[in-house]
Amino acid sequence: MTPLTLAPLLLDAVGEFLRPSTLAGIALEGLSLAALYVMITAGLTLIFGLMGVLNFAHGALTMIGAYLGGLVTVLLVGTGAGDPLRFAAFFLAVLVTFGALAALGGAMEVSLIRPIYDRPPLYQILLTFGVTLILEELARIVLLFYGIQPISDWQEALSTRPAVLGESLALGSVSVDGLALFEILFGVLTVAGVWAFLTRTRYGLYVRAGSEDGEMLSALGVNVRRVFTVVFALGTGLAGVAGVLLAWDANWAASVPLAAETLLPAFVVVIVGGLGTFRGTVVAALLVGLTDATMTWWFQNHVAFTGLPEITVFLVLVVMLIVRPQGLFGVSEVGGH
Amino acid sequence: MYKLLVNSPLSGEFVAVLPEVEAMIAVLYFGLFAMSFDFISGYTGYLSFGHAAFYGTGAYLTVLVANGKLAVTLPVVGTVLGSQTSFMVLLLLAGLFAALLALVIGSVSFRLSGVYFAMITLGFSQVLYVFVRDWDFVSSAPRDGVAVTGRTSGFQIGVPFVDQLNLAVGVLAGDEVALLGEAITFSTTDVSYYMIGVVVLVSYFVMQRLVHSPFGRVMIAIRENEERARAIGYDTYRYKLGAFAISGFFGGVAGALFAAFRRSVTPENGFYFLVAGDALLASIIGGFGTLVGPLYGRLFDETVREFLSKSGSGGGLLPWLRATVPEGVLQMDLVGGVTVAEAIDTFLNGHAELYVGIMFVLFVLYVPNGLLGTLRDRAGGTLATAGIPALRRWFR
């Protein structure tokens, strides 16, 4: 193609891109992605912010959350069930999963991570990486044993989705996926919840104080070890809740590879936002989500290369690290490393 | 040796425990990759989580050149690079290409440290992974990887252009060699084993030489206290970059060996970040910061995998249990109608990752120096210098 024929095509594409309905569609798509990113990253950033532990097992915990949540909804929802029951089952699944994974996370912190706080931070990455391998393989064994497909999406959990989330709703001139709206709503609620926990509760105060100066906090008589355990449990619980939400999204869905699929964007978001700052995570999720949606639109409609949206997410990371290595809201050298 | 043990009275047990030659070849080339990972991460303390980028680059370069996709023809010299390029040249080229890539990645990444460095290298390798997975230049179905199709003979390791000194490697397309008039015969896999072993050995000696040179001392100084190393006048950025490029070089060589032996490569076993994860596993188990440790680590790793989850011909616990445990016990009920045989099948058939993961966690918690590191600590130096006198004292 010569430049002369390429130019009008490009202009057309830009014109189509700048149309309000296209932009609004992309924005909503981006917001729903951002909501998902916030969901899968919130727990990671809480844990890193307070304890300086980069939890490599976060993705595996999300994957287990997806299966656990899927199990609860599949058990509760029959084929003929109406939407209200399906939603009720979802929120019950969220509660169950949060509780179960928080318990698992608490146990993990006490038994595995507590003994190695005094080692270099490298060892915590290594340890949680090992935990990922164990969790993934255990999930595989259990799923194979019960005849559930571990590699591809778990269709039965996907089919418990309420009918209303599968339709496109018209908002003015823009048609929106019902699921996207639900994800945005759920993401906003979670952000509000975590924010309220951090700023309105005593424990949130400890967490904020602990991420500034853990030694000082323990000198003031707070049991920092218990705070660590509680925060780790909360973080893993949030990972599980993210999994429950993903189990209804056909783009993600419950499967064993979900662990790696969520872990990598979660890292990107956490680093772009600045490791350990919750505000940074929210902003970064918005940034990455909107970039992702924009690029996906461009590469689906005007450039033929399927993998590029995925690459752009990482390019955001690389550009950010070159321009501002500590991330948007990060303080350089968080926790001394 | 393997055959001797396998034909001994305890053959069943030995088949179950010992790895096969194919597995040993994998130990060699992957051990080299793990060594190259340890060279940068174990000695400078920078965790290169995206090391698979170099392994994959080496592997893909080899396969692409062998398929004639990357051909360079100069007007006077003739074909410089084509499907029939000597494999030794390819090995060097794979290494150089990976080293170049390491310079590019490193020049950005070394502005960061600690967790950030690990993440950005992971990011780079993941970009390459997605890129290769969707690049239709590589093959018509890039997701499934690419096999060597343009070259029917094996890849020869030896002195280029001197036929007697070249022996080909490969699962199906290698050489067979008879020595002392048919008294000793090496099959294609045996030949591959020794030839790949030679390359790995040479690479190891080069890296070992570097580690013990002043350059290597600076690397260790960076690991121990980078600020102090900078304060006494070393340009640590340059040293780190140099070490990264060298590490990338050998990572590329390992990838080329892997592709030459397997005659194919996929995005999953070349570029995916878990490939670097396996190198990490080998390094931790063998000993972080002991150059040869990762090779032992990989051997240990591979042995455990073979032993605990081999369902096929190479032996392992599962076939052994099936053959040895009496039928009555196998049909016994465990919990909820699950028989012992089913339980054994569920837990031992192809789930090595579980045991490797558990082992890895235990190593991180209780043996942080790894196998070789712990042995060296006990002996008070490397095994060659401190171990032999210690052994002498033991036997006196």
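This one's a predicted model, so the numbers in the text were calculated from it and none came from an experiment. (Residues numbered from 1 in each chain as written. Chains lettered and ligands numbered in written order. Predicted model: local features only at pLDDT ≥ 70, side-chain atom pairs only at ≥ 80, totals over all residues. Heavy atoms only, no water.)

Caption draft 1: Broad picture of the interface of chain A and chain B. The interface of chain A with chain B comprises 44 residues on the first partner and 42 residues on the second. Summing the contributions of chain A and of chain B, the shared interface buries around 4,100 Å²; its carbon and sulfur component is 82%. Sorting the residues of chain A by area buried against chain B places Leu126(A), Phe129(A) and Ile141(A) first, and these three jointly supply 14% of that buried surface. Counting every contact that joins chain A to chain B gives two residue pairs in polar contact (both at pLDDT 80 or more). Looking at the side of chain A that touches chain B, the elements with two or more residues in it are helix H5 (121-145), helix H12 (258-273) and helix H14 (308-323) of chain A. With 16 residues, the single largest contributor to the side of chain A that touches chain B is H5(A). Residues of the side of chain A that touches chain B, tallied by class, amount to 34 nonpolar, five polar and five charged. (Contact = heavy atoms within 4.5 Å. Buried area = accessible area lost by both parts, 1.4 Å probe. Polar contact = N/O pair within 3.5 Å; in protein donor to acceptor, adjacent residues only side chain to side chain. Helix = DSSP H or I, 4+ residues; strand = E, 2+ residues; numbered from the N terminus. Nonpolar A, V, L, I, M, F, W, Y, C, P; charged D, E, K, R; others polar.)

Caption draft 2: Molecular detail of helix H6 (residues 114-134) of chain B. Taking 1.5 Å per residue as the helical rise, H6(B) with its 21 residues ought to reach 30 Å, and the 31 Å between its terminal C-alpha atoms agrees with that figure. Burial runs high along H6(B): 18 of the 21 residues are buried. (Expected span 1.5 Å × (residues − 1). Buried < 20%, exposed > 50% of the residue type's maximum accessible area, 1.4 Å probe, protein only.)

Caption draft 3: Broad picture of the packing of aromatic side chains. Residues and elements named next belong to chain A. For the structure on display, the rule yields 39 aromatic pairs over all chains. Centre to centre, the rings of Phe90 and Phe182 are 5.3 Å apart; their planes meet at 70 degrees, and the pair counts as edge-to-face. Of this pair, Phe90 sits in helix H4 (residues 83-113) while Phe182 sits in helix H8 (residues 178-200), and the two are 92 residues apart along the sequence. Comparing Phe90 with Phe182, the two get one shared label, buried. Summarising the aromatic geometry, the rings of Phe182 and Phe186 are spaced 6.2 Å apart at their centres and angled 40 degrees between planes, so their arrangement reads as tilted. Pair noted here: Phe182 and Phe186 are both in helix H8, with a separation of four residues, about one helical turn. For Phe182, a relative accessible area of 10% translates into the label buried. The ring centre of Tyr123 lies 5.1 Å from the NZ or CZ of Arg119, which sits over that ring. (Phe/Tyr/Trp six-rings, centres within 6.5 Å; stacked < 30°, edge-to-face > 60°. Lys NZ or Arg CZ within 6 Å of the ring centre and 35° of its normal.)

Caption draft 4: Focus on helix H3 (residues 21-44) of chain B. All names here are of chain B. Compared with an ideal rise of 1.5 Å per residue, which puts 24 residues at 34 Å, H3 spans 34 Å between its outermost C-alpha atoms and is within 8% of the ideal. At Asp38, H3 shows its largest kink, close to 35 degrees. Taken across its 24 residues, H3 has 23 buried, putting it largely inside the fold. Phi for Gly45, located one or two positions after H3, is positive at around 80 degrees. (Bend = angle between axes of the 7 residues up to and from the residue.)

Caption draft 5: The environment of Tyr194(B), seen in detail. Note that Tyr194(B) resides in helix H7 (residues 188-211). On the basis of relative accessible area, Tyr194(B) is assigned to the partly exposed category, the value being 45%.

Caption draft 6: Highlighting the nonpolar core. Residues and elements named next belong to chain B. Ranked by internal contacts, the top residues of the largest apolar core, which has 223 residues, are Tyr29, Phe49, Ile196 and Leu257. When residues in this core are grouped by element, the largest group, 15 residues, is from H3. When residues no more than four places from it in sequence are discounted, the contact partners of Leu257 are Tyr29, Leu32, Phe87, Leu91, Ile157, Ile196, Val199 and Val200. (Core = buried A, V, L, I, M, F, W, Y, C linked by side-chain atoms within 4.5 Å.)

Caption draft 7: Spatial organisation of the side chain of Arg133(B). With respect to the helices and strands, the residue Arg133(B) is situated in helix H6. In this structure Arg133(B) touches Glu310(A), Pro142(B), Arg143(B) and Pro267(B), once residues within four positions along its chain are discounted.

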